Structure formats: C-alpha cells, structure tokens
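The residues making up each chain are set out below.
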Amino acid sequence: MNTVAVIDYGMGNLHSVSKAIEHVAPEAKVIVTSDASLIREADRVVLPGVGAIRDCMAEIQRLGVDKLVREVSQDRPFLGICVGMQALMQHSEENNGVDCIGLLPGRVKYFGDPLMEEGTKLKVPHMGWNKVRQVQSHPLWQGINDDERFYFVHSFYVAMEQASYVMGRSHYGKSIDAAVGHENIFAVQFHPEKSQHSGLALLKNFVQWNGRI
C-alpha cells in the first residue's frame, strides 16, 4: 500500500492536508505522525506549515525534523506546503533573520510595507486566490491548466537563487516563486488543500508521482 506521511511538528495545517490527500487518493494510507521510524518507512512525505517561521524552525530543530527532512527527501517524493516550503530554504528575513533547513538554494523575503502595485497599496499578508504561471513542465502540473488560481496566505515569499529550481510563479506586487522543485522534491507557497479542484489535482499528482521529472 502507498503510504504518505504528513510530518507533525505541531505547526502544520495537518487535518486539512491529510483529509485532502485521503480524498484524492483513497487507496493510499495517510498518516499524520512525528514518529521518525514511520516517516522513514513512508513512500511519500509531506512537510506542511503555518504561522511564524521562527516558531516552526524552533520546533523542527527541537524535534530533529530538520535532519529527518534532509534524510527522507533524498530518495522519495517529498512535498513542502506554505511555511513547509519556506522551511526548506536557506534563510528567512522574518523575525530579524532565521536560518532554515537549507535543502534548497533560496531565501524567504518580506513583501514590504507599503507593498505597491501601480500606485495602489496592497494588503499584507497576501491572502486569497492568485494565478500561478507554470514556468517549467512537471508531473505535478499534469491536468492543471496554466494560470490556474490557487489559495495563498502569507506575508513572506520565496526567491530562489537559481531559476532552474522555479516551477511556477505568481505575482502580488512583485514576482513570487510560488512553486519550486528539484529532482524528487516539490514545494508550493499556496495551500493545495484549500485550492479546490486545482489544488486537489496537484495532491493527486503527488501521490501518483514516482519522484522523477
């Protein structure tokens, strides 16, 4: 049986993520767990996250999740969601600077205040539906139209150091690297579990993905 482990470090939108995966992949076994042995045994791993990155990283490091993520992301499909995506980067500007797991070469930046778009002040956090442009083909985009809308809630955004890692971009006052990937790792700033048809399609693609591009 295909097993999907959703890492529980006390800071993720665990119920919504796990229920969404169960909905699109009823044949899969979805477990929400902090047990390292169960996570190591899973076929696929999801790192969710909501809230402040400093709090998330404090729990990730306290529980040893950073080391575990570096390990299990090497050899199986791995998905980061929202702050779970930001945690995979090298560093975040939030709270005067926070070092992250450092799995991917990117930085997390503040939108700025004020954030302006053609003379209009935009609200921060960025909250709501936004188009995502697919800048590279990827198995997780299968069946999802380019410029589909996904649901975002965030005050900080990812900027990758290498364009080759960017799979999708959005725009909110400035360009946002909304989806990134490398080999068997894929991560998104938006919440697929809250993004209705397109988000569920992405989660279904993840459960069916063999980790190859």
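Residues numbered from 1 in each chain as written. Predicted model: local features only at pLDDT ≥ 70, side-chain atom pairs only at ≥ 80, totals over all residues. Heavy atoms only, no water.

Caption draft 1: Molecular detail of the pairing of strand 12 (residues 156–160). The element strand 12 is largely enclosed, with a buried count of 5 among its 5 residues. Note: strand 7 (residues 106–110) against strand 12, 5 bridges, orientation antiparallel. The residue of strand 12 that forms the bridge with G106 is M160. (Buried < 20%, exposed > 50% of the residue type's maximum accessible area, 1.4 Å probe, protein only. Helix = DSSP H or I, 4+ residues; strand = E, 2+ residues; numbered from the N terminus. Pairing = 2+ DSSP bridges.)

Caption draft 2: Just the packing of helix 1 (residues 14–24) against helix 6 (residues 196–208), in detail. Packing of helix 1 against helix 6 leaves a shortest axis separation of 9 Å and a crossing angle of 75°. With respect to each other, helix 1 and helix 6 are oriented roughly perpendicular. Side by side, helix 1 and helix 6 meet where A20, I21, H23 and V24 of the first sit next to L200, L203, K204 and V207 of the second. Of the residues that constitute the contact of helix 1 with helix 6, the class distribution is 6 nonpolar, 1 polar and 1 charged. (Axes fitted to C-alpha atoms, helices over the stretch in contact; angles between N-to-C directions. Parallel < 35°, antiparallel > 145°, perpendicular 65-115°, else oblique. Contact = heavy atoms within 4.5 Å. Nonpolar A, V, L, I, M, F, W, Y, C, P; charged D, E, K, R; others polar.)

Caption draft 3: Inspection of the sheet that holds strand 15 (residues 185–188) at higher detail. Pairing in this open sheet of 9 strands is mixed, and the strands run 2-1-3-4-15-14-13-10-11 from one edge to the other. Since the sheet does not close on itself, it has two edges, and those belong to strand 2 (29–33) and strand 11 (148–154), each with one partner. Averaged over all adjacent pairs, the angle separating strand axes in this sheet is 25°, with direction ignored. Bridge analysis of strand 1 (residues 3–7) against strand 2 gives 5 bridges, and the strand direction is parallel. Looking at strand 2, one finds that V4 is bridged to V30. Its contacts with the sheet place helix 4 (residues 65–72) against strand 1, strand 3 (44–47) and strand 4 (78–81), and it is angled at close to 140° to strand 3. Across the sheet, helix 6 lies against strand 1, strand 3, strand 4, strand 10 (126–134), strand 11 and strand 15, angled at about 140° from strand 3, the strand it touches most.

Caption draft 4: The UniProt feature "active site" (unreviewed entry) in the chain, seen in detail. The feature "active site" (unreviewed entry), as annotated in UniProt, sits at C82, H191 and E193 in this numbering. The largest pairwise C-alpha distance within this set of annotated residues, which runs over 112 residues, is 10.9 Å, so the set is compact in three dimensions. Tracing the chain through its elements places C82 in the loop between strand 4 and helix 5 (83–86). Note that H191 resides in the loop between strand 15 and helix 6. Other than its neighbours up to four places away in sequence, H191 contacts G49, V50, I81, C82, Y151 and V153. (UniProt positions renumbered as here; feature names shortened; annotations may be inferred.)

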